[in-house]
Amino acid sequence: MRILLVEDDRMLGAATQQSLRDAAHAVDWVLDGESALTAVKSTPYEAMLLDLGLPKRDGLSVLQALRQGGNNLPVIIVTARDGVDDRIRGLDLGADDYLIKPFESGELLARLRAVARRKGGQGQPVLSNGSLSLDPTTREASVDSDAGTTSARLSAREYALLHALLLRPGAILSRSELEERIYGWNEEVESNAVEFLIHGIRKKLGQTSIKNVRGVGWMVDREGPALPGPQAERQPD
């Protein structure tokens, strides 16, 4: 997921950003409310982690501006304000979840996975198109083929790429759309990075696990029958 972290505490922000990156998320971090609103205008985020006590513009004001502007970006409020009235107000203004500081990184990651499932219309924790499945808790992918079921653990960025595709099976994502979901600000992106990651996934799961649409981008099939096995003849890129 491409996540916007809005946190003015530099120590907590750095720790949260690293924890999210370790879990295969692309993370951009801003320190104030005005910068958060500017960032969402230019970057297609999949979730926002929003502190409330921010400089320049309070977190609740940021949330209210998003919702009044018709922006349905999933927002998890992450704050030390633990009063019931604060939680009620945040949720009523349009927050998708509310997490009290201090928190365990595992709980934050679980809440992000839940938000991603709801956004994608998925009820089950495992993403699947019928033949290709991805477990966000273990980063393990599996594919049902004529030869049986093949499973493999993916690297962080392989996982991020396949996760983006499986959230929208049948939709073609371009190189730039995939890069936006894999890399955050100031992370160097090699010119062939997407192809390199797709090659790695195909090597583990089979050449037809991800399909290329020449000149447009890449996709995974909608729900369908089992795929040819990993040793199937290589498909043209």
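Residues numbered from 1 in each chain as written. Predicted model: local features only at pLDDT ≥ 70, side-chain atom pairs only at ≥ 80, totals over all residues. Heavy atoms only, no water.

## Points about the side chain of Ser142
And then number 1: Position of Ser142 among the secondary structure elements: in strand S8 (residues 140-145).
And then number 2: Accessibility expressed as a relative area gives 18% for Ser142, which makes it buried.
And then number 3: With near-sequence residues (within four places) excluded, Ser142 lies in contact with Ser131, Leu132, Ser133, Thr149, Thr150, Ser151 and Leu205. (Helix = DSSP H or I, 4+ residues; strand = E, 2+ residues; numbered from the N terminus. Buried < 20%, exposed > 50% of the residue type's maximum accessible area, 1.4 Å probe, protein only. Contact = heavy atoms within 4.5 Å.)

## Notes on empty space enclosed by the protein
Using a probe with the size of a water molecule, rolled over the atoms, empty space left in the structure can be pinpointed.
And then number 1: In the structure shown here, the tally under the stated rule is 2 cavities of 30 Å³ or more.
And then number 2: In terms of lining, the largest cavity is formed by Leu5, Val6, Glu7, Leu12, Thr16, Leu49, Leu50, Asp51, Val78, Phe103 and Leu108.
And then number 3: Breaking the lining of the largest cavity down by element, the ones donating at least two residues are strand S1 (2-6), helix H1 (10-22) and strand S3 (47-50).
And then number 4: The class makeup of the residues in the lining of the largest cavity is 8 nonpolar, 1 polar and 2 charged. (1 Å grid on protein atoms, 1.4 Å probe; cavity = no way out; pocket = protein on both sides within 12 Å on 5 of 7 lines; lining within 4 Å. Points joined across faces, edges and corners; volume = space filled by probe spheres on them. Nonpolar A, V, L, I, M, F, W, Y, C, P; charged D, E, K, R; others polar.)

## Let's talk about the layout of surface pockets
And then number 1: Its boundaries defined by the atoms lining it, the largest pocket holds a volume of some 200 Å³.
And then number 2: Considered class by class, the residues forming the lining of the largest pocket number 6 nonpolar, 1 polar and 4 charged.
And then number 3: Two domains each put at least three residues into the lining of the largest pocket: domain 1 (2-120) and domain 2 (127-219). (Domains from an automatic or database assignment.)

## What to know about the domain arrangement of the protein
And then number 1: Looking at the protein, the domain boundaries give domain 1 (2-120) and domain 2 (127-219).
And then number 2: With centres defined by C-alpha atoms, the gap from domain 1 to domain 2 works out at 26 Å.
And then number 3: The interface of domain 1 with domain 2 comprises 17 residues on the first partner and 14 residues on the second.
And then number 4: Taking both sides of the interface into account, the surface hidden between domain 1 and domain 2 amounts to around 1300 Å²; carbon and sulfur atoms contribute 56%.
And then number 5: Together, Arg2, Ala24 and Arg113 form the three largest contributors to the area buried by domain 1 at its contact with domain 2, with a combined 35%.
And then number 6: Inspection of the region where domain 1 meets domain 2 yields 0 salt bridges.
And then number 7: Run the count over domain 1 and domain 2 and you get 2 residue pairs in polar contact (both at pLDDT 80 or more).
And then number 8: Of all the secondary-structure elements, those providing two or more residues to the side of domain 1 that touches domain 2 are H1, strand S2 (26-30) and helix H5 (105-119).
And then number 9: With 5 residues, the top contributor of residues to the side of domain 1 that touches domain 2 is S2.
And then number 10: Per-class residue counts for the side of domain 1 that touches domain 2 are 10 nonpolar, 1 polar and 6 charged. (Buried area = accessible area lost by both parts, 1.4 Å probe. Salt bridge = Lys/Arg side-chain N within 4 Å of Asp/Glu carboxyl O. Polar contact = N/O pair within 3.5 Å; in protein donor to acceptor, adjacent residues only side chain to side chain.)

## Brief notes about the environment of Ala116
And then number 1: Mapped onto the fold, Ala116 is located in helix H5.
And then number 2: Owing to a relative accessible area of 9%, Ala116 belongs among the buried residues under this scheme.
And then number 3: Those residues within four positions of Ala116 in sequence are excluded, and the remaining contacts are Met1 and Leu167.

## A closer look at the packing of helix H2 (residues 33-42) against helix H3 (residues 59-68)
And then number 1: Axis separation between H2 and H3 bottoms out at 9 Å; the angle between their running directions is 25 degrees. With respect to H3, the element H2 is oriented roughly parallel. When the axes of H2 and H3 are compared, the crossing they make is right-handed. Of H3, the residues touching H2 (which contributes Gly33, Ala36, Leu37 and Val40) are Val62, Ala65 and Leu66.
And then number 2: Class assignment for the residues of the contact of H2 with H3 results in 6 nonpolar, 1 polar and no charged. (Axes fitted to C-alpha atoms, helices over the stretch in contact; angles between N-to-C directions. Parallel < 35°, antiparallel > 145°, perpendicular 65-115°, else oblique. Left-handed = near helix turned anticlockwise from the far one by under 90°.)

## A closer look at the nonpolar core
And then number 1: Among the nonpolar cores identified, the biggest contains 29 residues, and Leu161, Leu162, Leu178, Leu205 and Ile210 are the most heavily contacted of them.
And then number 2: Contributions of two or more residues to this core are made by strand S7 (132-135), S8, helix H6 (156-166), helix H7 (175-182) and helix H8 (193-205).
And then number 3: In terms of residues, this core owes the most to one element, H6, which gives 7 residues.
And then number 4: In terms of nonpolar packing, the next biggest core, distinct from the first, is built from 21 residues, Val6, Met48, Leu50 and Leu52 among them. (Core = buried A, V, L, I, M, F, W, Y, C linked by side-chain atoms within 4.5 Å.)

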